[in-house]
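Observations on the three-dimensional arrangement
Residues per chain are reported as follows:
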Amino acid sequence: MDLIEKTREFAATFHEGEPSSHDMSHINRVEALCMEIQKEEGGDLLILRLAALLHDVGVIKEHEEGGDHALYSSEIATEFLSRAGVEMKTVEAVAYCIQTHRFSGGKSPETIEARILQDADRLDALGAIGIFRSILSMGALRMLKHTTGLDKGSSKKTVYIEDPVEGFNEYMRYKPFTIPERLNTVTAKRIAGERLKIMHIYLEALNLEAGNGKHKP
């Protein structure tokens, strides 16, 4: 088994039972987006694929303990790749991509691989899949707080709003609608433009059905 497939299997063990939207389907989509963007923007494909596969392996730990899954994931990835005999230069490049990928982290990555991973991860929050993931995640986080008391502080202004439709509107304004201006590559910006069209259509229909246009996109 080659390194990529070993890494995919390793990552899958961390996403079993993941209750929100950071499951292996998300990981595989981010990997595919990285490969698509890399064709036009360049960068080391091995670093990109490894970083994509490992960028969220710390999510469950964050759910359980709080903290930052990007840092947890970076630590797990470094240990795994080092044990696998990967060249330290590559290990460090992968770890850097993972450390800087998170939307709420607000970091501006310096390497082309890190910029592409950040873009790919953000693109998966857009379009039809972005709508599906956001609703799934909001429901999971609300239930997590209800059952365990764990409060995801960064989500307070969206997830925990009493009216979920209003919370979804706030989420759209806070994240998806700001993503295009925060993307790094021309390729990602083009993809984002297409994906945002369906989100605007959906949000307009949702608001009309929920309250005769009470909420505005």
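Now for a quick tour of the structure. Model, not experiment: these values are computed from the prediction.

In this model, helix α7 (residues 112-123) (12 residues) spans 16 Å end to end at C-alpha, consistent with the 16 Å of a helix rising 1.5 Å per residue. Of all 12 residues that make up α7, 10 are buried, and the element is covered over most of its length. Inspection of α7 places Glu113, Ala114, Ile116, Leu117, Gln118, Asp119, Ala120, Asp121, Arg122 and Leu123 among the buried residues, and these make up the whole buried set.

Another aspect to go through is the pattern of salt bridges. Under the definition given, this model contains 10 salt bridges. Of the charged contacts in the structure, one is a salt bridge between Arg8 and Glu5, with a shortest N-O distance of 3.2 Å. Taken as a pair, Arg8 and Glu5 lie in helix α1 (residues 3-15) at a separation of 3 residues, close to a single helical turn. Across the pair Glu194 and Lys197 runs a salt bridge, and its minimum N-O distance is 3.3 Å. Placement of both Glu194 and Lys197 in helix α10 (residues 186-211) is noted, with a separation of 3 residues, approximately one turn of the helix. For Lys197, a relative accessible area of 48% corresponds to the partly exposed category.

What follows concerns the packing of helix α3 (residues 45-54) against helix α6 (residues 88-99). The N-to-C vectors of α3 and α6 enclose an angle of 50°; their axes lie 9 Å apart at closest approach. In terms of orientation, α3 and α6 fall into the oblique class. Crossing of α3 against α6: the hand is right-handed. Touching Ile47, Leu50, Ala51 and Leu54 of α3 are Thr90, Ala93, Val94, Cys97 and Ile98, all from α6.

Rules used in this analysis
Residues numbered from 1 in each chain as written. Predicted model: local features only at pLDDT ≥ 70, side-chain atom pairs only at ≥ 80, totals over all residues. Heavy atoms only, no water. Helix = DSSP H or I, 4+ residues; strand = E, 2+ residues; numbered from the N terminus. Expected span 1.5 Å × (residues − 1). Buried < 20%, exposed > 50% of the residue type's maximum accessible area, 1.4 Å probe, protein only. Salt bridge = Lys/Arg side-chain N within 4 Å of Asp/Glu carboxyl O. Axes fitted to C-alpha atoms, helices over the stretch in contact; angles between N-to-C directions. Parallel < 35°, antiparallel > 145°, perpendicular 65-115°, else oblique. Left-handed = near helix turned anticlockwise from the far one by under 90°. Contact = heavy atoms within 4.5 Å.

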